[in-house]
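One letter stands for each residue in the lines below.
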Amino acid sequence: MHIKRQRGWEIPEHLATPEAAFLSRRSLLGAAAGLMAASAFGDRAFAAAGSGAYPAAQNAAYTLDRPVTPERYSGDYNNFYEFGTSKTVLPAANALKTDPWTIKIDGLVEKPFEIGVEDLVRTMGLEERLYRHRCVEAWSMAVPWTGFPLSKLVALAKPTSGAKYVQFQTFLDKAMAPGQRQFFYPWPYIEGLTLAEAGNDLAFLVTGVYGKPLPNQFGAPIRLAVPWKYGFKSAKSLVKVSFVAERPKTFWEGLQAAEYGFWANVNPAVSHPRWSQASERVLGTDQRVPTLIYNGYGEQVAGLYKGLEKERLFV
Ligand code: MTE
């Protein structure tokens, strides 16, 4: 089994989730299943937006310091633990059924709702942005994502004053995703941002890449891209976005908080406990390049962390 072969990113089995954490995640899931959000859009009969929305116009404000990584590299070297722990999850991810797909917006919002991804795309409009992506495993790529700013979804959701964090949840379907049969992982995959981070213009909800709808292994049909943070913050195949008062307990934090914290901002000066973060291997090349603080996006995001210096911002 792949799971037995320890990779840099993979935690050893002795660090698997303690039972208590596993059980609390299970009860969270149970509570979530009990919530049936009202649908604000359910009665609208939109025609499928589908691939007609691609390619979207590129937003020239988001430029790169390096060439775009060819899809043959970025599309065949993916972390998507729901479909296995190897980087070659592409064949297994074919089992992901993305149509129909709805996403639920709930928690501390004026009125919870559920919306189909194609309707969401139609409501939000799409743009293309060139972003760097830096995995905590010390490899990187540069990708032309298509999507819309997360801040637009926040505005649509109308969070109430008690909302401090946004929690992102990936689908849970053991029949479709063999990785989710590995009981020691705290499925479903959960990630979180502060409301302020979610409102930063760089935080992006992604529905396409390379000018077309997202291929499954990239996290179809909708995922996050948070380019100043390690890649594990960019949760894939989202089914729920919840506005909450407390800091969400994330998937990787649940497994090994000492190595994968809540903030996970990129910083070359703060090593992972098991390897240096000073440089990164650029996918599809034989280059290693120096890693930049906040993955090079400091000008846009450093202000988010004023007054939080005591937090473990870079783990
Ligand atoms: N989201 C889910 N649901 N499951 C995952 O295993 N892996 C994360 C992140 N989002 C992951 C996920 C990690 S570790 C990284 S680096 C990126 O997805 C990888 O995105 P990519 O496959 O598009 O490169």
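Conventions and cut-offs
Residues numbered from 1 in each chain as written. Predicted model: local features only at pLDDT ≥ 70, side-chain atom pairs only at ≥ 80, totals over all residues. Heavy atoms only, no water. UniProt positions renumbered as here; feature names shortened; annotations may be inferred. Near = heavy atom within 4 Å. Polar contact = N/O pair within 3.5 Å; in protein donor to acceptor, adjacent residues only side chain to side chain. Areas by Shrake-Rupley, 256 points an atom, 1.4 Å probe, with all protein chains shown as cover. Nonpolar A, V, L, I, M, F, W, Y, C, P; charged D, E, K, R; others polar. Buried < 20%, exposed > 50% of the residue type's maximum accessible area, 1.4 Å probe, protein only. Helix = DSSP H or I, 4+ residues; strand = E, 2+ residues; numbered from the N terminus. Pairing = 2+ DSSP bridges. Salt bridge = Lys/Arg side-chain N within 4 Å of Asp/Glu carboxyl O. pLDDT = per-residue confidence, 0-100. Contact = heavy atoms within 4.5 Å. Phe/Tyr/Trp six-rings, centres within 6.5 Å; stacked < 30°, edge-to-face > 60°.

Where an unreviewed UniProt entry is consulted, the chain appears under the name Protein-methionine-sulfoxide reductase catalytic subunit MsrP, with the organism given as Methylobacterium planeticum. UniProt, in its Sequence similarities (unreviewed entry) section for the chain, records the words "Belongs to the MsrP family." One UniProt comment on the chain, placed under Subunit (unreviewed entry), says "Heterodimer of a catalytic subunit (MsrP) and a heme-binding subunit (MsrQ)."

Caption draft 1: Highlighting the site of the ligand. Around the ligand, a shell composed of 19 residues is seen, among which Y81, E82, R223, S234 and K236 lie nearest. At a separation of 3.3 Å, a nitrogen atom of the ligand approaches a polar backbone atom of N79. One of the side-chain nitrogen or oxygen atoms of T170 is found 3.1 Å away from a nitrogen atom of the ligand. Protein chains bury 100% of the 530 Å² of accessible surface belonging to the ligand in isolation. Of the residues contributing to the shell around the ligand, the split by class is 10 nonpolar, 6 polar and 3 charged.

Caption draft 2: Expanded view of the pairing of strand β11 (residues 279-282). Burial of the side chains of β11 is restricted to one face: E280 and V282 are buried, whereas none of S279 and R281 on the reverse face is. When strand β4 (residues 139-149) meets β11, the two strands line up parallel, connected through 2 bridges. The partner of W139 across the bridge, within β11, is R281. Note that β11 and strand β12 (residues 288-290) share 3 bridges and pair antiparallel. Following the sheet pairing, R281 is matched in β12 by R288. Count of turn residues in the β11/β12 antiparallel hairpin: 5 residues, of which G284 carries a positive phi of about 85 degrees.

Caption draft 3: Broad picture of the pattern of salt bridges. Throughout the structure, instances matching the rule amount to 13 salt bridges. The residue K233 makes a salt bridge to E191 at a minimum N-O spacing of 2.7 Å. With K233 in the loop between β9 (223-225) and β10 (238-244) and E191 in strand β6 (residues 190-194), this pair connects stretches of sequence that are 42 residues apart.

Caption draft 4: Seen up close, the confidence of the model for the chain. Overall, the prediction assigns the chain a mean pLDDT of 87, with 84% of residues at 70 or greater. In the predicted structure, residues 1-49 sits below a pLDDT of 50 and forms 91 contacts with residues beyond four places in sequence or in another chain.

Caption draft 5: Here's a closer look at the UniProt feature "binding site: Mo-molybdopterin" (unreviewed entry) in the chain. Under the present numbering, the feature "binding site: Mo-molybdopterin" (unreviewed entry) in UniProt falls on N78, Y81, E82, C135, T170, R223, S234, A235 and K236. With respect to the helices, strands and loops of the structure, E82 is situated in the loop between α2 (71-74) and α3 (90-93). Judged by its relative accessible area of 2%, E82 is buried. Once residues lying within four places of it in the same chain are set aside, the contact partners of E82 are T170, F171, A177, P178, G179, Q180, W187 and Y189. Among the secondary structure elements, T170 is positioned in strand β5 (residues 165-170). Contacts of T170, omitting those with residues within four sequence positions, involve E82, P188, Y189, A235, K236, S237, L238 and V239.

Caption draft 6: Region of interest: the packing of aromatic side chains. Applying the stated criterion across every chain, the model contains 25 aromatic pairs. Ring geometry for Y77 against W139: centres 5.2 Å apart, planes inclined by 85 degrees, an arrangement best described as edge-to-face. Here the residue Y77 occupies a position in the loop between α2 and α3, and W139 occupies one in strand β4, the gap between them amounting to 62 residues. The exposure class of W139 is buried, given its relative accessible area of 5%. With a centroid separation of 5.6 Å and 80 degrees between ring planes, the pair formed by F232 and Y260 is classed as edge-to-face.

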